[in-house]
Amino acid sequence: MAFVRASGFNRKQRKDLARRLRSEDPGLEVMHPHAAGIDVGNSAHYVAVRPDRDPDPIRRFECFTTDLHRLADWLQQCGVTTVAMQSTGVYWIPLYEILDARGLEVYLVNARHTKNLPGRKSDVQESQWLLKLHTYGLLRNSFHPPAEIRVVRTYWRQRGDHVHAVSTCIQRMQKVLTQMNIQLANVISDLSGWTGQRIVRAILAGERDAETLAALSHPGIRATRDTIAKSLEGTWQPDLLFVLQQEVAMYDSYQQRIAECDQALEQHLKSIGDKVAETRPNPEPAPMTSPSARPRRRRKAGSHAPQFDIGHELHRISGVDLTRIDGIDVGVAQTLISEVGVDMTRWNTEAHFASWLGLCPDNRISGDRVLRKGTRHVVNRAATALRLAATTLLRSQSYLGAQYRRLRGKLGAPKAITAMAHKLARLVYRMLKWGHEYVDKGLQYYEERHREQQVQLLKKRAAKLGLQLVAPEVP
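Residues numbered from 1 in each chain as written. Predicted model: local features only at pLDDT ≥ 70, side-chain atom pairs only at ≥ 80, totals over all residues. Heavy atoms only, no water.

1. Remarks on the overall build of the protein
Rules: Helix numbers and strand numbers start at the N terminus; a helix is a DSSP run of H or I with at least 4 residues, a strand a run of E with at least 2. Per-residue accessibility, obtained with a 1.4 Å probe over protein chains only, is compared with the maximum for each type, and a residue is labelled buried under 20%, exposed over 50%, and partly exposed between these values. Here, two residues are considered to be in contact whenever any of their heavy atoms come within 4.5 Å of each other.
Across its full length, the protein holds 17 helices and seven strands. For the protein, the proportion of its 475 residues judged to be buried stands at 38%. When contacts within the protein are restricted to residue pairs at least 6 apart in sequence, long-range pairs at least 24 apart make up 67% of them.

Dropping the structure here:
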């Protein structure tokens, strides 16, 4: 390469010559000599090992538990120490757990990274292709959280499905009331609140008097009792009342399921050990405080927040309080920890972490030309939670809030949300990896710093034009 730079070629000629040199010597070395490839399927798995390990190097195994153990026994007999397989649906999970329990190093790879050879594809060819790619170290292992975090993720995802179902029940209740011309949704903000549920259950109990129903409202409701009473005058159709009764019963059932998820989640979190403060070499400096920094106020938990002190448990197992970051509440913090865990050593830098979340630019470049700009499409619950957290910064009187409003005015809402989600991801990475506490520098500090940057930029532009900025005289 030094000869190429010193030969006097232009940039295009140097790139063409370097490309030819690399193509003549691809440098493929065997990285995993004891590898195997598995094509995961719904009813059967196809396993391929090197031909020198077994006279029959490709075998088919059923997906029953007994057959999976036979598969693991055969791999150990062949001297296999590492296995590559695709993350196909949920079919890979039982096989992954059995192979991992046997001590094999399992590479769970993305199907987009294992592009097959052109032509017709079969399960046998797919397993052989995985074996070949993995042997030469051309596959990257996907992130898979540890077992205790996977249990937390299962409980939290199940709870999230129930919360979504509760919201659907509330929407159906509101639809039924509107069909009966009961305009309760126009006078109260939330039908699932204290007032809404008391009135709905009184209706199902047989109460039809509007004044009596209006008296059940909370004193803090802004609407007057007369307005509430007018909204409760409707057509009491028996079929719609039947639907309303069933939706309320489903609502109560889902609330019970949510309480059970909370109980199981609390017990499991308590079984996880405390985060031990590790001494890391060359730690990053802690964030500087500012005289203009304001005291941090915690955001209120939502209506569907867990009933136990989940913030304390998350602080205990992670060693840091992620809710100190503006925009992140206990729900977002729980989603992040249940999806990525508390060990950030899986990602070398915070840039790798942001790339895994799909929150960094992924420009399409061909022939030194940028064909498309944007982020990579990634279905990631942690990234979605960070985007939702970024949207709450619009009215935040903090450093991050000021930064989000400036980006929103400059880039627009969608790009600003992605940029702030990227910023939040970096902060979360630093806190979990280095154990530092986040300190908000304040809105005033950000405005002063931004003003200084703009002044320096104007000075540079003026210097290029041969001009000089002169500060106005203060009278």
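2. What about the nonpolar core?
Going by this rule: We call a set of buried residues a nonpolar core when its members are Ala, Val, Leu, Ile, Met, Phe, Trp, Tyr or Cys and they connect through side-chain atoms within 4.5 Å of each other.
Counting residues in each nonpolar core, the largest one holds 50 residues, and the members touching the most others are L322, I325, I328 and L400. Going through the elements one at a time, α6 (147-179), α10 (238-271), α11 (310-318), α12 (330-340), α13 (350-357), α14 (381-391), α15 (399-411) and α16 (413-434) are the ones with two or more residues in this core. Take this core: its biggest share by element is eleven residues, from α16. For L400, the residues in contact, after removing those within four places along its chain, are I325, D326, L393, M420, K423, L424, L427 and Y438.

3. Some remarks on a nonpolar patch on the surface
Operational definition: Only residues whose relative accessible area exceeds 30% and that take part in no salt bridge are eligible for patches, with like-charged residues grouped when within 9 Å of each other and nonpolar side chains (Val, Leu, Ile, Met, Phe, Trp, Tyr) grouped when within 5 Å. Throughout, the Shrake-Rupley method with a 1.4 Å probe supplies accessible areas, and for residues the shown protein chains are the sole cover considered. Any carboxyl oxygen of Asp or Glu that lies within 4 Å of a side-chain nitrogen of Lys or Arg is treated as forming a salt bridge with it.
Taken together, the side chains of L28, V30, Y136 and L138 present a nonpolar region at the surface, about 360 Å² in accessible area. Along the chain, the position of V30 falls in the loop between α2 (11-24) and β1 (35-39).

4. Some points on the sheet that holds strand β2 (residues 44-49)
Stated precisely, the cut-off is as follows: Here, a strand pair is defined by DSSP locating no fewer than two bridges between the strands. All axes here are fitted lines through C-alpha atoms, helices being fitted over the stretch that makes contact, and every angle between N-to-C directions spans 0 to 180 degrees.
Read from one edge to the other, the open sheet built from five strands follows the order β3-β2-β1-β4-β5, with strand pairing classed as mixed. The sheet is open, and its two edges are formed by β3 (58-62) and β5 (105-109), each paired on a single side. Averaged over neighbouring strand pairs, the angle between their axes works out to 25° when direction is ignored. This element, helix α5 (residues 123-135), spans β1, β2, β3, β4 (82-86) and β5 of the sheet and lies at about 145° to β1.

5. Some points on the environment of L407
With respect to the secondary-structure elements, L407 resides in helix α15. On the accessibility criterion, L407 (13% relative accessible area) is buried. With twelve residues separating them in the primary sequence, L407 and A419 have C-alpha atoms 8.1 Å apart. Residue contacts for L407: discarding those within four places in its chain leaves G412, A416, A419 and M420.

6. Concerning helix α3 (residues 65-77)
Operational definition: Expected span, for any helix, means 1.5 Å times one less than how many residues it has. In this context, the arc is that of the directions from the helix axis out to the C-beta atoms.
Taking 1.5 Å per residue as the helical rise, α3 with its 13 residues ought to reach 18 Å, and the 19 Å between its terminal C-alpha atoms agrees with that figure. Restricting attention to buried positions, one finds in α3 the residues D67, L68, L71, A72, W74 and L75. Projected down its long axis, α3 carries its buried residues within an arc of 160°, all on one side. Every exposed residue of α3 that faces more than 90 degrees away from the buried side is listed here: T65, T66 and Q77. Considering only its buried residues, α3 is in contact with β1, β2, β3, β4 and α4 (92-101). G79 lies just past α3 and shows a positive phi near 75°.

7. Concerning the pattern of salt bridges
Enumeration according to the criterion identifies 18 salt bridges in this entry. R159 is paired through a salt bridge with D262; the nearest N and O atoms lie 2.5 Å apart. In this pair, R159 sits in helix α6 while D262 sits in helix α10, placing the two residues 103 residues apart along the sequence. A relative accessible area of 5% means that R159 is categorised as buried. Looking at D262, the relative accessible area reads 6%, which means it is buried. Across the pair D252 and R201 runs a salt bridge, and its minimum N-O distance is 2.6 Å. Here D252, found in helix α10, pairs with R201, found in helix α7 (residues 194-204); they are 51 residues apart in sequence, far enough to count as distant. Classification of R201 as partly exposed rests on a relative accessible area of 33%.

8. Re the packing of α10 against α11
As a reminder, the rule being used: Roughly parallel here means an angle under 35 degrees, roughly antiparallel means over 145, roughly perpendicular means 65 to 115, and every remaining angle is called oblique. Here is the rule for handedness: rotate from the far helix to the near one, and if that takes an anticlockwise turn smaller than a right angle the crossing is left-handed, while a clockwise turn gives right-handed. Each residue is assigned to one of three groups, with Ala, Val, Leu, Ile, Met, Phe, Trp, Tyr, Cys and Pro labelled nonpolar, Asp, Glu, Lys and Arg labelled charged, and all others, Gly among them, labelled polar.
Contact pair α10 / α11: the axes reach a minimum separation of 10 Å and the direction vectors enclose 25°. Relative to α11, the element α10 lies roughly parallel. Along this stretch, α10 crosses α11, giving a crossing that reads as left-handed. Only I310, E313, R316 and I317 of α11 make contact with α10, whose side of the interface consists of L265, L269 and K270. Counted by class, the contact of α10 with α11 contains four nonpolar, no polar and three charged residues.

9. Details of the pairing of β1
The element β1 is extensively covered by neighbouring structure, given that five of its five residues are classed as buried. Neither face of β1 is exposed, since A35, G37 and D39 on one face and A36 and I38 on the opposite face are all buried. Bridge analysis of β1 against β4 gives four bridges, and the strand direction is parallel. Bridge pairing in β4 places A36 opposite V83. Bridge count for β1 against β2 is four bridges, and the pairing is antiparallel. Paired with A36 across the strands is V49, a residue of β2. In sequence, β1 turns back onto β2 through a hairpin of four residues.

10. Some words on the side chain of N380
In this structure, N380 sits in the loop between β7 (369-372) and α14. By relative accessible area, N380 is classed as buried at 10%. In this view, N380 contacts W356 and L357; residues no more than four positions away in its chain are not counted.

11. Here we look at the environment of R372
In this structure, R372 sits in strand β7. The class of R372 is partly exposed, set by a relative accessible area of 38%. Each C-alpha atom, one on R372 and one on D362, is 8.5 Å from the other, the two residues being ten residues apart in sequence. Once residues within four sequence positions are removed from consideration, R372 is found in contact with D362, N363 and R364.

12. Some thoughts on the packing of aromatic side chains
Our working rule: Centres within 6.5 Å are what make two rings of Phe, Tyr or Trp a pair, Trp counting through its six-membered ring; a difference in plane orientation under 30 degrees is then read as stacked, over 60 as edge-to-face, and the rest as tilted. Two thresholds decide whether a charge sits over a ring: the Lys NZ or Arg CZ must be within 6 Å of the ring centre and within 35 degrees of the ring normal.
Going through the model one piece at a time under the given rule, you end up with ten aromatic pairs. Ring centres 4.7 Å apart and planes at 40° place the aromatic pair F143 and W347 in the tilted group. A residue pair is termed long-range when its members are at least 10 positions apart, and F143 in the loop between α5 and α6 and W347 in the loop between α12 and α13 qualify at 204 residues. Here F143 matches W347 in class, with each residue buried. Residue classification places W347 among the buried positions, given a relative accessible area of 5%. Chaining the aromatic ring pairs together yields one cluster made of F143, W347, F353, W356 and Y429. Above the ring of W236, the side-chain terminus of R208 is found at 4.9 Å from the ring centroid.

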